Amino acid sequence: MQSLHGNYESYLALRTRLPADQGLNTYYANVHRDWSWGDEENQASMNQLRSVLHDSADLGNVLVLGAGACRLAYDLHMQMDCAATIAMDFNPLLLLIAYKVVNGDALKMYEFPIAPRSLEDDAVLRTLSAPEVVREGFHLVLGDALRPPFAPESFDTVVTPWLIDIVTEDLPVMAARINGLLKPEGRWVNFGSLAFATPERTRRYSPEETKAIVAESGFSDPYVAEATIPYMCSPASRHGRQEKVFSFAAYKERSAEQPPRHRALPDWIVTGEESVPLTHSFRSQAMTTQIYSFIMSLIDGKRSIKDMALVLEKQKLMTREEAEPAIRSFLTKMYDDAQKQSGF
Ligand SMILES: C[S@@+](CC[C@H](N)C(=O)[O-])C[C@H]1O[C@@H](n2cnc3c(N)ncnc32)[C@H](O)[C@@H]1O
């Protein structure tokens, strides 16, 4: 691979990897809500934004981060006083669909509801279209919200719809980044859930903590509105959510210290030149993997779990009593994985 001899900047390209929980289809259902059956939900979303913007609808240059299939960005641009609206997302499928639809195309695409109402709801052919062609000044940008490709202080308004709780970056860092994108006295408008799911539990913020973090990141005390709205209630699905959404607007009062460029991966992975650190978790993963591979090597179509436990005892790895449940739970996992892969 040529980039092995490349400079640091080429290696950086390797860092822009997708978070493990994001893929091309992750938010595919949203396109149908945005551009087919979702009038009620789309209206409710706009109402939430209105409730925190009050009468000051002059939004200037607007950036919508994590705009998804872009209906909210489109509605904002069409219904409010936006000089220009940049809708940004890193999912090319969503942006390509948005591009066609806002420019007047009617797209035929299938919806695959999570829990189809009946047999014919398994795959529903929808026509995706916008109420009208978007007016001038609406731009789509494919990019990473954690590495926004814009000059500092470019925007009067930054909108984060259903985003702050799903990004990998800690909220105080994200808040400082948003502060940096805003002009002095610009406004951050947030809307959506507070369902932080990061493995680090201390980063899962309550509404009170979220509000305090925003105020501590160079913003005015956020004006908050909360309301329960329907979310992804497809008419073809038995599944749908009600969500008490957390919306706020806060003005930039001072510049927050800018965080370093976001790194999705550490240098020892990106450049391949630094030592791979022997962390506690790598150490225990290595040991577990060795024991697992040993157990796998004992599967010969003849030995039972009890036989394998005896071998482990003879090898002085663990006693027979310890080995038996350990092997059983390991093989249960292997069995489950094999079932998952079996397909049709
Ligand atoms: C929960 S969805 C919300 C979509 C849209 N805002 C809406 O209200 O329907 C989150 C969106 O953020 C996008 N996203 C997640 N992480 C991102 C990142 N680092 N940069 C850009 N977009 C991101 C996803 O592709 C997805 O479209």
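Definitions and limits used
- Residues numbered from 1 in each chain as written.
- Predicted model: local features only at pLDDT ≥ 70, side-chain atom pairs only at ≥ 80, totals over all residues.
- Heavy atoms only, no water.
- Phe/Tyr/Trp six-rings, centres within 6.5 Å; stacked < 30°, edge-to-face > 60°.
- Buried < 20%, exposed > 50% of the residue type's maximum accessible area, 1.4 Å probe, protein only.
- Helix = DSSP H or I, 4+ residues; strand = E, 2+ residues; numbered from the N terminus.
- Contact = heavy atoms within 4.5 Å.
- Near = heavy atom within 4 Å.
- Polar contact = N/O pair within 3.5 Å; in protein donor to acceptor, adjacent residues only side chain to side chain.
- Areas by Shrake-Rupley, 256 points an atom, 1.4 Å probe, with all protein chains shown as cover.
- Nonpolar A, V, L, I, M, F, W, Y, C, P; charged D, E, K, R; others polar.
- Domains from an automatic or database assignment.
- Right-handed = clockwise from strand over helix to strand, strands pointing away.
- Salt bridge = Lys/Arg side-chain N within 4 Å of Asp/Glu carboxyl O.
- Expected span 1.5 Å × (residues − 1).
- Disulfide = S-S within 2.5 Å.
- Axes fitted to C-alpha atoms, helices over the stretch in contact; angles between N-to-C directions.
- Parallel < 35°, antiparallel > 145°, perpendicular 65-115°, else oblique.
- Left-handed = near helix turned anticlockwise from the far one by under 90°.

Draft legend 1. Geometry of the packing of aromatic side chains. Summed over the entire model, instances satisfying the criterion amount to 12 aromatic pairs. For the ring pair F150 and F155, a centre distance of 5.1 Å and an interplane angle of 90 degrees mean the geometry is edge-to-face. Since its relative accessible area comes to 22%, F150 is described here as partly exposed. Given a relative accessible area of 5%, F155 falls into the buried group. In this structure an aromatic cluster arises from ring pairing among W188, F219, F246 and F248.

Draft legend 2. Structural detail: helix 2 (residues 28-37). Judged by how many residues are buried, helix 2 sits mostly within the fold: eight of 10 residues are covered. Within helix 2, the full set of buried residues consists of Y28, N30, V31, H32, R33, D34, W35 and W37. Taken together, the buried residues of helix 2 touch helix 3 (39-53), helix 4 (71-79), helix 5 (92-102), strand 3 (107-111), strand 4 (124-128) and strand 8 (223-231).

Draft legend 3. How the structure looks around the site of the ligand. Inspection of the region around the ligand gives 19 residues, with R33, G66, D89, D144 and A145 positioned closest. Separating a nitrogen atom of the ligand from a side-chain N or O atom of D144 is a distance of 2.8 Å. Here a nitrogen atom of the ligand sits 3.0 Å away from a polar atom, N or O, in the main chain of P161. Coverage of the ligand by the protein amounts to 96% of the 590 Å² it exposes when considered alone. Split by residue class, the shell around the ligand holds 10 nonpolar, six polar and three charged.

Draft legend 4. Here's a closer look at the domain arrangement of the protein. When its domains are assigned, the protein resolves into domain 1 (2-251) and domain 2 (278-341). When each unit is reduced to the centre of its C-alpha atoms, the spacing between domain 1 and domain 2 is 45 Å.

Draft legend 5. Inspection of the pairing of strand 2 (residues 81-89) at higher detail. For strand 2, the buried fraction is high: seven of the nine residues fall into the buried class. The β-α-β motif built from strand 1 (residues 58-65), the intervening helix 4 and the parallel element strand 2 has right-handed crossover chirality.

Draft legend 6. Region of the structure containing the pattern of salt bridges. Across all of its chains, the model carries 17 salt bridges by this definition. With a shortest N-O distance of 2.6 Å, E111 and R126 are connected by a salt bridge. Placement of E111 in strand 3 and of R126 in strand 4 is noted, with a sequence separation of 15 residues between them. Take E111: its relative accessible area is 4%, and that puts it in the buried class. Assessed through its relative accessible area of 14%, R126 is described here as buried. Each of D170, E200 and R203 takes part in one network of salt bridges that share partners.

Draft legend 7. Quick look at helix 3. The end-to-end C-alpha separation of helix 3 is 21 Å, in line with the 21 Å expected for 15 residues at 1.5 Å each. All of the buried residues along helix 3 are E41, N42, A44, S45, M46, Q48, L49, V52 and L53. Looking at the residues trailing helix 3, positive phi occurs at H54, about 55 degrees.

Draft legend 8. Here's a closer look at the state of the cysteines. Counted according to the given criterion, the structure contains zero disulfides. Between C82, a cysteine without a disulfide, and C70, which holds the nearest cysteine sulfur, the sulfur-to-sulfur distance is 13 Å. We classify C82 as buried; its relative accessible area is 3%.

Draft legend 9. Representation of the side chain of S234 within the structure. The topology assignment puts S234 in the loop between strand 8 and strand 9 (241-251). Sequence-distant contacts of S234, that is, excluding residues within four places in its chain, are made with W37, E111, R117, R126 and H239.

Draft legend 10. Fine view of unusual backbone geometry. The phi dihedral of E153 falls on the positive side, at around 55 degrees, and the residue is not glycine. Structurally, E153 can be placed in the loop between strand 5 (138-142) and strand 6 (155-161). For E153, a relative accessible area of 35% translates into the label partly exposed. Although it is not a glycine, E185 sits at a positive phi angle of roughly 65 degrees.

Draft legend 11. The packing of helix 2 against helix 5, seen in detail. It is the contact of helix 2 with helix 5, at a shortest axis distance of 10 Å, that shows an interaxial angle of 20 degrees. By the angle class used here, helix 2 and helix 5 are roughly parallel. Crossing hand, helix 2 versus helix 5: right-handed. Residue-level inspection shows Y28, V31 and W35 of helix 2 in contact with helix 5, the latter providing L93, L94, I97, V101 and V102.

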